[in-house]
Amino acid sequence: MTSFALAHTNLALVKYWGKEDEKLRLPSAPSLSLTLDAFYTKTKLSLSKEDRFVLDGKEEKGKEAQRVFSYLSTLLSFFALPPSHFFVDSQNFVPKSAGFASSASAFCALAAAFAKEMKLTVSKRELSIASRLGSGSAARSVFGGFVLWKEGRESGESFAVPIEEKSSMPICILYLSFGAEKKKVSSTEGMRLSKSSPFFTSWRQECRKACKEAQKAIEDNSFERLGQISEKNACQMHALTLSSGFSYLSPHSLRALDLAKEIREEGVGCYWSCDAGSNAALLCRKEDLNFIQKRAEKAFSGAVSCFCASAGPGVEAWSED
Ligand code: DP6
């Protein structure tokens, strides 16, 4: 038997940045995301005599393979299963060369394919907890549309829940890639460093508040309010990293923040976001996407690659004999 899973990436509108327990990946605050249709990971997994990991058609033996097999052994203990070996073949439909991270879709797909192959009956809640153990943001990719990840005080309490899997909000994301760069500080390290910031307590409180406000904005179908909350939260995350002595932002990321503001001043809804890298994302309405893309290409004199995404579905898994 061979099992397959397809999971989409997500963009956090309220960011997960800080862990209470690193091993269990228990977040310091709740987060809220939009699962995206354009970027995903497809994973094929089967039991095997030896561990093998193929990524985008290439056999991996280094750090990436280590992380995959250490995660699979975490899953075996999590589900109280005996040791086993696996053949994992993953394809990332995420433009990695453009500097996009794929850990959310990758670990969610891995957890779902594992559960199928081991014939486990798992609820979506359990699958979210299991995905979280691979990479925090993967907990949210279990569901489609708008998703909330609860912080929780222990492992069984920290999972994602769907807010609106099929929202009627015409929200779109325009990713602006300024080229791939070697991440100077990994998310894990960045979160660790950020915990020493004198502003960390405020950051947690702001995220809790932002999640509540964002849920209300989604309920009210208010793109403008959701955009404002997301931009403010992204700015706060980057202010937090700076207050801990490092930053992911480049002059291009900051130019994109100004651009969002300029576009708003012209009366078009456009909001900025940025994760643990310098590439930025602009949130807009579907009908404004072309206009905003043209503005971005002009602002960066062509030195930008644009990728569009809108709301996407939750994870899917199946088996074949
Ligand atoms: C900035 O999920 O990659 O994208 O749990 O250490 O694997 P680990 O972190 P990861 O962090 C994502 C950070 C972020 C914000 C977010 O997606 O919420």
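Treat the numbers as computed from the prediction; the structure is a model and nothing was measured.

## With respect to the site of the ligand
Thinking step 1. Around the ligand lies a shell of 18 residues, among which Y16, S135, G136, S137 and R140 are the nearest.
Thinking step 2. Within the side chain of R67, a nitrogen or oxygen atom sits 3.4 Å from an oxygen atom of the ligand.
Thinking step 3. A distance of 2.8 Å separates an oxygen atom of the ligand from a polar atom in the backbone of G136.
Thinking step 4. In isolation the ligand offers 460 Å² of accessible surface; the protein chains occlude 92% of this area.
Thinking step 5. Counted by class, the shell around the ligand contains six nonpolar, six polar and six charged residues.

## Thoughts on the pairing of strand β5 (residues 52-55)
Thinking step 1. Sheet topology note: the β5/strand β7 (residues 85-93) ladder contains four bridges and is parallel. Across the sheet, the residue bridging to L55 is S90, located in β7.
Thinking step 2. For β5 and strand β6 (residues 58-60), the ladder comprises three bridges, and the chain directions are antiparallel. Directly across from L55, in β6, lies its bridge partner K58.
Thinking step 3. Counted along the chain from β5 to the antiparallel partner β6, the turn is two residues long, and its residue D56 has a positive phi close to 50 degrees.

## What to know about the layout of surface pockets
Thinking step 1. Approximately 180 Å³ is the volume found for the second largest pocket.
Thinking step 2. Surrounding the second largest pocket, A112, A115, K116, L120, V122, S123, K124, L127, V315, E316 and A317 form its lining.
Thinking step 3. Counting residues per element, the ones that place at least two in the lining of the second largest pocket are α2 (103-117), α3 (124-132) and β14 (316-320).
Thinking step 4. The element contributing the most residues to the lining of the second largest pocket is α2, with three residues.
Thinking step 5. The class makeup of the residues in the lining of the second largest pocket is seven nonpolar, one polar and three charged.

## Let's talk about helix α7 (residues 251-265)
Thinking step 1. A rise of 1.5 Å per residue sets the reference length of α7, with its 15 residues, at 21 Å; its end C-alpha atoms lie 21 Å apart and thus fit the reference within 8%.
Thinking step 2. Among the residues making up α7, those that are buried are S253, A256, L259, A260 and I263. One side of α7 carries all its buried residues, which in axial view fall inside an arc of 105 degrees. Those residues of α7 that are exposed and aimed more than 90 degrees away from the buried face are P251 and E265.

## Details of the packing of aromatic side chains
Thinking step 1. In the structure shown here, the tally under the stated rule is 13 aromatic pairs.
Thinking step 2. An angle of 25 degrees between the planes, with centres 4.6 Å apart, marks the rings of Y40 and F93 as stacked. With a gap of 53 residues between them, Y40 in strand β4 (residues 31-48) and F93 in strand β7 connect regions that are remote in the sequence.
Thinking step 3. In this structure F93 comes out as partly exposed when scored by relative accessible area, which is 34%.
Thinking step 4. An aromatic cluster is present here, built from F78, F79, F86 and F114 joined pairwise through their rings.

## Some points on the domain arrangement of the chain
Thinking step 1. If you check the domain split of the chain, you get domain 1 (2-167) and domain 2 (171-310).
Thinking step 2. Of note, the centres of domain 1 and domain 2, computed from C-alpha atoms alone, are 23 Å apart.
Thinking step 3. At the junction of the two partners, domain 1 supplies 35 residues and domain 2 supplies 45 residues.
Thinking step 4. On the domain 1 side of the interface with domain 2, the three residues burying the most area are L13, K15 and W17, jointly 26% of the side's total.
Thinking step 5. In this structure, the salt-bridge partner of R208 is E151, at a minimum N-O distance of 2.9 Å.
Thinking step 6. Joining domain 1 to domain 2, the criterion identifies 11 residue pairs in polar contact (both at pLDDT 80 or more).
Thinking step 7. Mapped onto the side of domain 1 that touches domain 2, the elements with two or more residues apiece are β1 (2-14), β2 (19-21), β4, β8 (146-149) and β9 (160-164).
Thinking step 8. At eight residues, β4 tops the list of elements feeding residues into the side of domain 1 that touches domain 2.
Thinking step 9. Residue composition of the side of domain 1 that touches domain 2, grouped by class: 19 nonpolar, seven polar and nine charged.

## Let's talk about the environment of D321
Thinking step 1. Note on placement: D321 falls in the segment after β14.
Thinking step 2. We classify D321 as exposed; its relative accessible area is 93%.
Thinking step 3. Taking the C-alpha atoms as reference points, D321 and S3, separated by 318 residues in sequence, lie 8.7 Å from one another.

## Quick look at the packing of α7 against helix α8 (residues 289-299)
Thinking step 1. Two elements in contact, α7 and α8, have axes whose closest approach is 11 Å; the angle formed by their N-to-C orientations is 135 degrees. When the axis of α7 is compared with that of α8, the two are oblique. Every pair of crossing elements has a handedness; the one defined by α7 and α8 is right-handed. For the pair α7 and α8, contact is made by R255, L259, E262 and I263 and by F291, I292, R295, A296 and A299, respectively.
Thinking step 2. Of the residues that constitute the contact of α7 with α8, the class distribution is six nonpolar, no polar and three charged.

Cut-offs and rules
Residues numbered from 1 in each chain as written. Predicted model: local features only at pLDDT ≥ 70, side-chain atom pairs only at ≥ 80, totals over all residues. Heavy atoms only, no water. Near = heavy atom within 4 Å. Polar contact = N/O pair within 3.5 Å; in protein donor to acceptor, adjacent residues only side chain to side chain. Areas by Shrake-Rupley, 256 points an atom, 1.4 Å probe, with all protein chains shown as cover. Nonpolar A, V, L, I, M, F, W, Y, C, P; charged D, E, K, R; others polar. Pairing = 2+ DSSP bridges. Helix = DSSP H or I, 4+ residues; strand = E, 2+ residues; numbered from the N terminus. 1 Å grid on protein atoms, 1.4 Å probe; cavity = no way out; pocket = protein on both sides within 12 Å on 5 of 7 lines; lining within 4 Å. Points joined across faces, edges and corners; volume = space filled by probe spheres on them. Expected span 1.5 Å × (residues − 1). Buried < 20%, exposed > 50% of the residue type's maximum accessible area, 1.4 Å probe, protein only. Arc of directions from axis to C-beta. Phe/Tyr/Trp six-rings, centres within 6.5 Å; stacked < 30°, edge-to-face > 60°. Domains from an automatic or database assignment. Contact = heavy atoms within 4.5 Å. Buried area = accessible area lost by both parts, 1.4 Å probe. Salt bridge = Lys/Arg side-chain N within 4 Å of Asp/Glu carboxyl O. Axes fitted to C-alpha atoms, helices over the stretch in contact; angles between N-to-C directions. Parallel < 35°, antiparallel > 145°, perpendicular 65-115°, else oblique. Left-handed = near helix turned anticlockwise from the far one by under 90°.

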